[in-house]
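Each chain, letter by letter, is given below.
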Amino acid sequence: MLQLTEITKAVGQLDEEKLNQLLESFVSGGPTEEEAQVVVNACQQGMAIVGELFESGEYFVGDLIFAGELLTQSMEMLKPVIGRGKSVKVGKIVLGTVEGDLHDIGKNIFRSMAEAAGFEVYDLGIDQKPSAYVDKIKEVRPDVIGMSGVLTLALESMRKTVDEICKAGMRDKVKIIIGGNPVTAEACMQIGADAFTTNAADGVKICQAWVK
Ligand code: B12
């Protein structure tokens, strides 16, 4: 049985031992990829609790760092289930966290899921300048550009990145999807992206529809 509330609570309380226990028992039960995606969502909800406790002054930056490590570790445990990738590549995605933002947990989750769905993902890493996306587009000719960011300031960096892609004359050659907690329909329109999401699994579905 999926103990989703327990998983969310363990992440929120930074209870590494309990979280490992829950995830080990989940993985050993031979779950499906869909079930693993539900567990990823439960972990993500736990991170929202961590964020709230940080905002209320109960958690400090050190706790955020630990929470980040905890989620990265959890993704490693879930990877064998999520990453049963297809060997035939369905399309190319250039992915990165935009300039000024160092958060990469959500980006990495999206990468794992996109790779599992058969995409070839070129991960630029964190704090990426607009020129890095443009250079990579010229080099690998991707179908999709994925931009990630969780800071409010990331939205401005995303807008600048789309502008640079337009200036380089490559906008009509790629689809652009933005992800991360602050993205909204309004932000998506202002940035000039084609789609937005705060859920990696939905992001993969959108990319799949684009390359069909
Ligand atoms: C962990 C964390 C950190 C870790 C990051 C570790 C890491 N390796 O990423 C560390 C400690 C480094 C950190 C640093 C900071 N952080 Co921080 N951090 C968080 C925290 C708790 C969780 C973020 C996270 O990983 N969420 C879980 C992931 C899974 O969610 P997600 O990113 O949204 O991703 C999902 C989807 O959005 C989607 N997705 C994501 N990207 C993409 C991309 C594409 C293409 C697609 C399709 C989908 C997709 O898929 C994912 C899975 O579904 C949040 C609080 C919160 N509630 O978000 C604060 C938070 C983001 N941090 C915050 C702050 C203020 C900071 C610091 C400035 C703190 C400081 N004083 O130094 C620094 C900033 C450093 C910088 N320049 O970036 C604020 C941001 C405020 C704001 N509005 O701008 C938050 C909201 C906390 C708060 N409530 O105040 N942080």
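### Some remarks on the packing of helix 2 (residues 16-28) against helix 4 (residues 61-82)
- Contact geometry for helix 2 and helix 4: axes closest at 10 Å, N-to-C directions at 10 degrees. Relative to helix 4, the element helix 2 is oriented roughly parallel. Contacts from Glu16, Leu19, Asn20, Leu23, Glu24, Phe26 and Val27 in helix 2 reach Phe66, Leu70, Gln73, Ser74, Met77, Leu78 and Val81 in helix 4.

### Some words on helix 3 (residues 33-55)
- Taking 1.5 Å of rise per residue, 23 residues should cover 33 Å, and helix 3 covers 33 Å from first to last C-alpha, within 8% of that figure.
- Within the span of helix 3, buried status applies to Ala36, Val39, Val40, Ala42, Cys43, Gly46, Val50 and Leu53.
- The secondary structure elements touched by the buried residues of helix 3 are helix 1 (4-12), helix 2, helix 4 and helix 5 (105-116).

### A few points about the sheet that holds strand 1 (residues 91-97)
- Strands sit in the order 2-1-3-4-5 across an open sheet of five strands; the sheet is parallel. Edge positions in the sheet fall to strand 2 (119-123) and strand 5 (195-197), since each of these pairs with one other strand and no more. Geometrically, the sheet is characterised by an average inter-axis angle of 25 degrees between neighbouring strands, direction not taken into account.
- Relative to strand 3 (residues 144-148), strand 1 runs parallel, the two being bridged by five bridges. When the bridges of strand 3 are listed, isoleucine 93 appears paired with valine 144.
- Here helix 5 sits on the sheet and contacts strand 1, strand 2 and strand 3; the angle it forms with strand 2, its principal contact strand, is near 155 degrees.
- The strands touched by helix 7 (residues 154-167) within the sheet are strand 3 and strand 4 (175-179), with strand 3 carrying the most contacts at an inclination of about 155 degrees.

### A short note on helix 1
- Within helix 1 the residues assigned to the buried category are Ile7, Thr8, Ala10, Val11 and Gly12.
- Positive phi appears at leucine 14, one or two residues downstream of helix 1, with a value of about 55 degrees.

### What about the site of the ligand?
- The environment of the ligand is made up of 36 residues, and the closest members are Gln44, Glu55, His103, Asp104 and Ser148.
- Contact distances for the ligand include 2.7 Å between an oxygen atom and a side-chain N or O atom of glutamine 44.
- Between a nitrogen atom of the ligand and a side-chain N or O atom of threonine 152, the distance comes to 2.7 Å.
- Per-element tally for the shell around the ligand: the top contributor is helix 3, with seven residues.
- For the shell around the ligand, a count of residues per class yields 17 nonpolar, 15 polar and four charged.
- When residues are assigned to domains, the shell around the ligand turns out to be shared by domain 1 (4-82) and domain 2 (91-211), each giving three or more.

The rules behind each value
- Residues numbered from 1 in each chain as written.
- Predicted model: local features only at pLDDT ≥ 70, side-chain atom pairs only at ≥ 80, totals over all residues.
- Heavy atoms only, no water.
- Axes fitted to C-alpha atoms, helices over the stretch in contact; angles between N-to-C directions.
- Helix = DSSP H or I, 4+ residues; strand = E, 2+ residues; numbered from the N terminus.
- Parallel < 35°, antiparallel > 145°, perpendicular 65-115°, else oblique.
- Contact = heavy atoms within 4.5 Å.
- Expected span 1.5 Å × (residues − 1).
- Buried < 20%, exposed > 50% of the residue type's maximum accessible area, 1.4 Å probe, protein only.
- Pairing = 2+ DSSP bridges.
- Near = heavy atom within 4 Å.
- Polar contact = N/O pair within 3.5 Å; in protein donor to acceptor, adjacent residues only side chain to side chain.
- Nonpolar A, V, L, I, M, F, W, Y, C, P; charged D, E, K, R; others polar.
- Domains from an automatic or database assignment.

By themselves, these figures tell us nothing about what the structure is for.
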